[in-house]
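Results of the structural survey
Chain by chain, the residues run as shown.
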Amino acid sequence: KAGVTQTPRYLIKTRGQQVTLSCSPISGHRSVSWYQQTPGQGLQFLFEYFSETQRNKGNFPGRFSGRQFSNSRSEMNVSTLELGDSALYLCASSSGFSYNEQFFGPGTRLTVL
Amino acid sequence: DAKTTQPPSMDCAEGRAANLPCNHSTISGNEYVYWYRQIHSQGPQYIIHGLKNNETNEMASLIITEDRKSSTLILPHATLRDTAVYYCIVRVVNDYKLSFGAGTTVTVRA
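All figures in this text were calculated on a predicted structure; none of them were measured in a lab.

Calculation criteria
- Residues numbered from 1 in each chain as written.
- Chains lettered and ligands numbered in written order.
- Predicted model: local features only at pLDDT ≥ 70, side-chain atom pairs only at ≥ 80, totals over all residues.
- Heavy atoms only, no water.
- 1 Å grid on protein atoms, 1.4 Å probe; cavity = no way out; pocket = protein on both sides within 12 Å on 5 of 7 lines; lining within 4 Å.
- Points joined across faces, edges and corners; volume = space filled by probe spheres on them.
- Helix = DSSP H or I, 4+ residues; strand = E, 2+ residues; numbered from the N terminus.
- Nonpolar A, V, L, I, M, F, W, Y, C, P; charged D, E, K, R; others polar.
- Disulfide = S-S within 2.5 Å.
- Pairing = 2+ DSSP bridges.
- Axes fitted to C-alpha atoms, helices over the stretch in contact; angles between N-to-C directions.
- Core = buried A, V, L, I, M, F, W, Y, C linked by side-chain atoms within 4.5 Å.
- Buried < 20%, exposed > 50% of the residue type's maximum accessible area, 1.4 Å probe, protein only.
- Contact = heavy atoms within 4.5 Å.
- Phe/Tyr/Trp six-rings, centres within 6.5 Å; stacked < 30°, edge-to-face > 60°.
- Lys NZ or Arg CZ within 6 Å of the ring centre and 35° of its normal.

Take the layout of surface pockets next. Gaps left between atoms are located by rolling a probe of water-molecule size over the structure's atoms. Of the volumes computed, that of the largest pocket is approximately 350 Å³. Looking at the largest pocket, it is lined by 17 residues, and the ones nearest its centre are Gln37(A), Gln38(B), His40(B), Val85(B) and Tyr87(B). Elements with a contribution of two residues or more to the lining of the largest pocket: strand E4 (31-38) of chain A together with strand E8 (84-92) of chain B. The element that contributes the greatest number of residues to the lining of the largest pocket is E8(B), accounting for 3 residues. Residues belonging to the lining of the largest pocket are distributed by class as follows: 7 nonpolar, 9 polar and 1 charged.

Under the definition given, this model contains 2 disulfides over all chains. Between the sulfur of Cys23(A) and that of Cys91(A) lies a disulfide, 1.8 Å long from S to S. The sign of the 60° torsion about the S-S bond sets the Cys23(A)-Cys91(A) disulfide as right-handed. Note that Cys23(A) is positioned in strand E3 (residues 19-24) and Cys91(A) in strand E9 (residues 87-94), a separation of 68 residues in sequence. The residue that forms a disulfide with Cys22(B) is Cys88(B), at a sulfur-sulfur distance of 2.1 Å.

All names here are of chain B. Across the sheet, which stays open at both edges, the 5 strands sit in the order E1-E9-E8-E3-E4 with mixed pairing between neighbours. In this open sheet, the two strands that pair with only one neighbour each are strand E1 (9-13) and strand E4 (45-50). When strand polarity is set aside, the average angle formed by the axes of neighbouring strands in this sheet is 25°. Judged from the 5 bridges that link them, E1 and strand E9 (residues 104-109) form a sheet pairing that is parallel. Residue pairing across strands places cysteine 12 opposite valine 108, the latter belonging to E9.

Counting residues in each nonpolar core, the largest one holds 22 residues, and the members touching the most others are Leu20(B), Val33(B), Trp35(B), Ile47(B), Leu73(B) and Tyr86(B). If you tally residues by element for this core, the top one is E8(B), at 4 residues. If sequence neighbours within four positions are ignored, Leu73(B) has contacts with Ala18(B), Asn19(B), Leu20(B), Trp35(B), Ile47(B), Ile48(B), Ala60(B), Ser61(B) and Tyr86(B). Residues Met76(A), Val78(A), Leu81(A) and Tyr89(A) belong to the second largest nonpolar core, which totals 21 residues.

Residues and elements named next belong to chain A. Spatially, 4 strands are ordered E1-E3-E8-E7 in an open sheet, and the strand pairing comes out antiparallel. Of all the strands in the sheet, the pair left with one neighbour each is strand E1 (5-7) and strand E7 (64-68). Adjacent strand axes in the sheet meet at a mean angle of 20° when their direction is disregarded. Where E7 meets strand E8 (residues 74-78), 5 bridges bridge the pair, whose relative direction is antiparallel. For phenylalanine 64, the partnering residue across the bridge sits in E8 and is valine 78.

Residue and element names in this part refer to chain B. With 8 of 8 residues buried, strand E3 (residues 31-38) lies mostly within the body of the structure. Pairing geometry for E3 and E8, over 8 bridges, is antiparallel. The residue of E8 that forms the bridge with valine 33 is valine 90. Note: E3 against E4, 5 bridges, orientation antiparallel. Bridge pairing in E4 places arginine 37 opposite glutamine 45. Taking the residues between adjacent antiparallel strands as the criterion, E3 and E4 are bridged by 6 residues, where serine 41 takes a positive phi near 70°.

Another aspect to go through is the environment of Val4(A). Summarising the element assignment, Val4(A) is placed in the segment before E1. Excluding residues that lie within four positions of it along the chain, Val4(A) makes contacts with Cys23(A), Ser24(A), Ile26(A), Cys91(A), Ser93(A), Phe103(A), Phe104(A), Gly105(A) and Pro106(A).

Okay, the packing of aromatic side chains next. Remark: the centre distance and the inter-plane angle together describe each pair of aromatic rings, the angle taken between the planes. In total, this model carries 11 aromatic pairs over all chains according to the counting rule given. Look at Tyr36(B) and Phe100(B): their rings are 6.0 Å apart centre to centre, the planes differ by 65°, and that puts the pair in the edge-to-face class. Of this pair, Tyr36(B) sits in strand E3 while Phe100(B) sits in the loop between E8 and E9; the two residues are 64 residues apart in sequence, bridging distant segments of the chain. Phe100(B) carries the same exposure label as Tyr36(B), and that label is buried. Within the aromatic cluster, the residues linked to one another by ring pairs are Tyr35(A), Phe45(A), Phe104(A), Tyr36(B), Tyr46(B), Tyr87(B) and Phe100(B). Above the face of the Tyr34(B) ring, Arg91(B) is positioned so that its terminal group lies 4.3 Å from the ring centre.

Spelled out as structure tokens, the structure:
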């Protein structure tokens, strides 16, 4: 079974730009969660989508948004990039039902200049 | 979610058992204990989880105290590839948010 894939793996943007990251979950998984990892704040939860609906949301500003498609693939968008948005963005997939562990992708390394 | 406390770092000799402690003294009855690890530059990897009974799988064993206020992850025969940051997380079933703390940086030495 193929694992979670994230594209692109690396990205460089400048302040003020916007960026879209993509995540393809494990086949059959309906839940996709997004996390931001920085050296200072560690791993922080952004949001979770299940069956195209946002089910959980972390404490991030509205510049961070996401969506999920009918095939469970998910995209995350960050608008008006700030230097502090430089981070490793991870997505995790799970079946979406109780007890199941989350499987993480390799992440997208975003650098904002 | 209950918060967890882990030592910031620990060393382990290759081939020996690594015992990673975690304190979760405010855990609720409906919260599970999960362990993940993150090898440098990779996404976190699920290891094991449990509610109140001890659990074992091909990667590790999880020992939870009777009062559930602490737990220990045991890597039975540590290898160099087990060098990683290990995260102990408590969460309610059906809550898909994982709250990661700082974790324990485990270094396995030859």
